[in-house]
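Here are the chains, one letter per residue:
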Amino acid sequence: MLANSPDAVRAYLALTIAGDRTAAIVAFADDAHVTDDGHGHDGVTAIRAWLDRPAGGYTFTTTPLSARSTSDTEALVTCRVEGNFPGGLVDLEYRFTLDETRRITRLVIEPQR
């Protein structure tokens, strides 16, 4: 399903799903911005700290459900996250924006609309 997604998107998802979240920093541009759970993280230092954060003691699995490119520089991936967190199940949208070098400059993660 992710075969047609940009390399940086596939790398980010593969590394984070496999549990190697901190290695996923290679997919980001130096001046990238991430918004997750309503909180912003600017630049690779802040994004690295966000990637390296503990998952709040929760265990979970992430399964991609759909992926599509909305333009040459934008991609949308929907993933199902299941685990022992409150509610136990959520479908999240990952909206990626890429720069001319095809690295992630913006990532917004929020519940599917």
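The structure this text deals with has already been given above.
An account of the accompanying structure is given in this report.

**Regarding helix α1 (residues 7–17)**
Given 3.6 residues per turn, any residue in an α-helix points the same way as the ones three and four places further on.
Here is step 1: Residues A8, V9, Y12, L13 and T16 constitute the buried set of α1. Seen along its axis, α1 keeps its buried residues to an arc of 125°; they face one direction.
Here is step 2: In this structure, the buried residues of α1 make contact with β1 (28–36), α2 (43–52), β4 (74–83), β5 (89–98) and β6 (104–111).
Here is step 3: In the stretch just after α1, G19 is the one whose phi turns positive, near 90°.

**What to know about the packing of aromatic side chains**
Here is step 1: What the rule picks out here adds up to five aromatic pairs.
Here is step 2: Centre to centre, the rings of Y12 and F28 are 5.8 Å apart; their planes meet at 90°, and the pair counts as edge-to-face. Of the two residues, Y12 sits in helix α1 while F28 sits in strand β1, which places them 16 residues apart along the sequence.
Here is step 3: Overall, Y12 belongs to the buried group, its relative accessible area being 2%.
Here is step 4: Each ring, one from Y12 and one from F96, has its centre 5.8 Å from the other, and the planes form 70°; the classification is edge-to-face. One end of the pair, Y12, is in helix α1; the other, F96, is in strand β5, with 84 residues separating them in the sequence. When sorted by exposure, Y12 lands in the same class as F96, which is buried.
Here is step 5: A connected cluster of aromatic rings, assembled from ring pairs, spans Y12, F28, Y94 and F96.
Here is step 6: In this structure, R21 packs its charged tip against the face of W50, placed 5.5 Å from the ring centre.

**Notes on the environment of A67**
Here is step 1: Within the secondary structure, A67 sits in strand β3 (residues 60–71).
Here is step 2: Separated by 64 residues in the primary sequence, A67 and A3 place their C-alpha atoms 9.0 Å from one another.
Here is step 3: Excluding its chain neighbours within four sequence positions, the residues that come into contact with A67 are M1, L2, S5, L76 and V77.

**Examining the side chain of S5**
Here is step 1: Among the secondary structure elements, S5 is positioned in the segment before α1.
Here is step 2: Here S5 is in contact with R10 and A67, once residues within four sequence places are set aside.

Thresholds applied
- Residues numbered from 1 in each chain as written.
- Predicted model: local features only at pLDDT ≥ 70, side-chain atom pairs only at ≥ 80, totals over all residues.
- Heavy atoms only, no water.
- Buried < 20%, exposed > 50% of the residue type's maximum accessible area, 1.4 Å probe, protein only.
- Helix = DSSP H or I, 4+ residues; strand = E, 2+ residues; numbered from the N terminus.
- Arc of directions from axis to C-beta.
- Contact = heavy atoms within 4.5 Å.
- Phe/Tyr/Trp six-rings, centres within 6.5 Å; stacked < 30°, edge-to-face > 60°.
- Lys NZ or Arg CZ within 6 Å of the ring centre and 35° of its normal.

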